[in-house]
Amino acid sequence: TEKAERLELEADQSRYRFPLGWFNRGDRAPIELRGTEARRTLDLPIPQRLSIEDARLDLYYTQSLSLIPRSQLAVTLDDRVIAQLPVRPGQPDHAARIRLPASALRPGFRSLGFRAAQHYTNECEDPSSPELYSQVDAVQSILEIRAPRKPIVPSLAKIADVFDRRLWMDRYQL
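Residues numbered from 1 in each chain as written. Predicted model: local features only at pLDDT ≥ 70, side-chain atom pairs only at ≥ 80, totals over all residues. Heavy atoms only, no water.

### Brief notes about the sheet that holds strand β7 (residues 80–86)
The sheet built from 4 strands is open, its strands ordered β4-β9-β6-β7 with antiparallel pairing. Each end of this open sheet is capped by a strand with a single partner; those strands are β4 (37–46) and β7. If you compare each strand with its neighbour and ignore which way they point, the axes differ by 15° on average. In the sheet, strand β6 (residues 72–77) pairs with strand β9 (residues 108–117) via 6 bridges, with the strands oriented antiparallel. Opposite Leu-77, over in β9, you have Leu-112 as the bridge partner. (Pairing = 2+ DSSP bridges. Helix = DSSP H or I, 4+ residues; strand = E, 2+ residues; numbered from the N terminus. Axes fitted to C-alpha atoms, helices over the stretch in contact; angles between N-to-C directions.)

As structure tokens, then:
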């Protein structure tokens, strides 16, 4: 598969833009949600060296034309719902801007999730029906984070903060 573009970094080196595929091992393929209850999660590495001030997700997704209005897509952060997006019959393509609570983006690995409740009828339905799908665009959907660097504390006890595997770049400047 093709790899998603790498992250973008502004000149002041405090604003980062990631295509969602970057968190899925660089995969450009859409994030697939199939069936009546579908879930997918992406691990977000949050480095100790950065102070998250603001974060937003510009989400682009497509839902089956067969879905009825009681269907929805929920976006979660560490299993807490931060947005619920309804289905609009006859409109398969959607975009949403979702603010992520900066206070929840503590250092460590955070889980960004997508939960789809998908229905094509109000009656008994086949949970594996091919009409029950949604796709999140892994290239066009962007997570933007504003996070200035924290000063380095000169201590061998804090060396793991300098060489943190959660850092977002191959060549991170001190």
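### Notes on the pattern of salt bridges
Inspection of the entire model under this criterion finds 11 salt bridges. Residue Asp-54 pairs with Arg-146 through a salt bridge whose shortest N-O separation is 3.9 Å. Within this pair, whereas Asp-54 is found in strand β5 (residues 54–63), its partner Arg-146 is found in strand β11 (residues 142–146), the two being separated by 92 residues in sequence. By relative accessible area, which is 27% here, Arg-146 ends up partly exposed. Notably, a salt bridge pairs Arg-110 with Asp-78, separated by 3.4 Å at the nearest N-O pair. One end of the pair, Arg-110, is in strand β9; the other, Asp-78, is in the loop between β6 and β7, and 32 residues separate them in sequence. Connected via shared salt-bridge partners are Arg-15, Arg-17, Arg-56, Asp-58, Arg-97 and Glu-144. (Salt bridge = Lys/Arg side-chain N within 4 Å of Asp/Glu carboxyl O. Buried < 20%, exposed > 50% of the residue type's maximum accessible area, 1.4 Å probe, protein only.)

### Quick word on the environment of Leu-112
Along the chain, the position of Leu-112 falls in strand β9. On a C-alpha basis, the gap between Leu-112 and Phe-23 in space is 9.5 Å, while along the polypeptide they are 89 residues apart. Discounting chain neighbours no more than four positions away, the residues touching Leu-112 are Leu-20, Arg-40, Thr-41, Leu-42, Leu-44, Leu-57, Val-75, Thr-76 and Leu-100. (Contact = heavy atoms within 4.5 Å.)

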